[in-house]
Amino acid sequence: MPAPSPLPPRRHVLVLGGTAEARRLAAALAAHPAGIRVTTSLAGRTARPEAPAGEVRIGGFGGSEGLAEWLRAHRVDALVDATHPFAESITANAARAAAATGVPLVVLRRPGWRPVPGDRWYDVPSLAAAAEALPGLGDRVFLTTGRLGLAAFAQLTGLHFLVRSVERPDPPLPPHTEVLLARGPFTVADERELLRAHRIEVLVTKDSGGEATAAKLTAARELGLPVVVVRRPSPPEGVTAVPDAAAVLRRLGLAPDGTDRAE
């Protein structure tokens with residue numbers, strides 16, 4: 001009797017994660033009937049992160065060259081960048097590593113926010129531009145741009161800031177700063193009460209997209225508050241993004257009909 005044919009090796013997908021979309025994608029890949037091996041890489045900046053399905057590695061790669069070496073050493077068949085929409089350097093490194101190794105790259109980005117009637121939005125390209133836009137919009141600022149990059153607002157000595165972050169931010173901070181440690185999702189009622197309780201006059205946020213932190217925009221609109229929105233950086237040249245895990249599976253040829261395989 002002839003020996004059975006060896007099973008084909010499992011495809012290995014590396015997910016650059018840290019977002020809810022990355023966790024959903026890892027779960028879908030781990031449960032895929034094709035037997036996908038999925039590894040999620042987390043930067044390690046957040047203590048006690050929610051563990052995704054499959055294998056997990058913590059820490060950076062050492063730039064695009066280090067990532068390319070990891071892709072080769074671990075025989076990665078596809079790379080998915082599902083990091084935060086503002087993780088500009090990671091996306092650039094992923095694009096360079098994919099080009100150097102020939103590993104297909106898919107970028108997963110949840111759609112950005114768009115204003116609706118009643119919104120008073122001021123679009124700016126950076127945190128520094130957001131700081132420049134604040135004087136004259138209000139003296140009490142709700143700052144929800146995360147714990148990194150707050151030095152851009154440190155020179156605004158005449159404003160009072162309420163900073164919301166998952167973890168306590170490092171200095172420098174504006175001199176009049178109150179830190180609120182919290183993790184979404186948040187309800188509109190919660191956000192409305194927070195804005196009123198702290199007598200907030202202007203909101204500053206990044207265009208992160210998604211539902212987990214979008215309630216603050218509704219609350220600000222209901223209260224007639226101006227919102228300074230830091231727009232996302234553009235992706236590297238030649239890189240396009242898909243909006244959800246289902247689209248990633250299609251790009252990888254793992255959807256039920258096997259369409260839209262990434263090359």
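The protein chain carries the name Cobalt-precorrin-6A reductase in an unreviewed UniProt entry, which gives Streptomyces graminearus as its organism. Quoted verbatim from the Pathway (unreviewed entry) field of UniProt, the annotation for the protein chain is "Cofactor biosynthesis; adenosylcobalamin biosynthesis."

A. Quick peek at the pattern of salt bridges. Applying the stated rule across the entire model yields eleven salt bridges. With a closest N to O distance of 3.4 Å, Glu21 and Arg24 form a salt bridge. In this pair, Glu21 and Arg24 are both assigned in helix H1 (residues 20-30), three residues apart and thus about one turn of the helix distant. By relative accessible area, which is 11% here, Glu21 ends up buried.

B. Main features of the packing of helix H2 (residues 63-73) against helix H3 (residues 88-101). Running from amino to carboxyl end, H2 crosses H3 at an angle of 50 degrees, the nearest separation of the two axes being 8 Å. Comparing their axes, H3 and H2 come out oblique. Regarding H2 and H3, the two cross each other, and that crossing is right-handed. Only Asn93, Ala94, Arg96, Ala97, Ala100 and Thr101 of H3 make contact with H2, whose side of the interface consists of Gly63, Ser64, Leu67, Ala68, Leu71 and Arg72.

C. Main features of the side chain of Asp81. On the secondary structure map, Asp81 appears in strand E4 (residues 78-81). Asp81 gets classed as buried once you look at its relative accessible area, which sits at 0%. In this structure the side chain of Asp81 is engaged in a polar contact, spanning 2.6 Å, whose partner is the side chain of Thr83. Beyond its immediate sequence surroundings of up to four residues, Asp81 is in contact with Leu16, Ile90, Thr91, Ala94, Leu105, Val106, Val107, Leu108 and Arg109.

What counts, and at which threshold
Residues numbered from 1 in each chain as written. Predicted model: local features only at pLDDT ≥ 70, side-chain atom pairs only at ≥ 80, totals over all residues. Heavy atoms only, no water. UniProt positions renumbered as here; feature names shortened; annotations may be inferred. Salt bridge = Lys/Arg side-chain N within 4 Å of Asp/Glu carboxyl O. Helix = DSSP H or I, 4+ residues; strand = E, 2+ residues; numbered from the N terminus. Buried < 20%, exposed > 50% of the residue type's maximum accessible area, 1.4 Å probe, protein only. Axes fitted to C-alpha atoms, helices over the stretch in contact; angles between N-to-C directions. Parallel < 35°, antiparallel > 145°, perpendicular 65-115°, else oblique. Left-handed = near helix turned anticlockwise from the far one by under 90°. Contact = heavy atoms within 4.5 Å. Polar contact = N/O pair within 3.5 Å; in protein donor to acceptor, adjacent residues only side chain to side chain.

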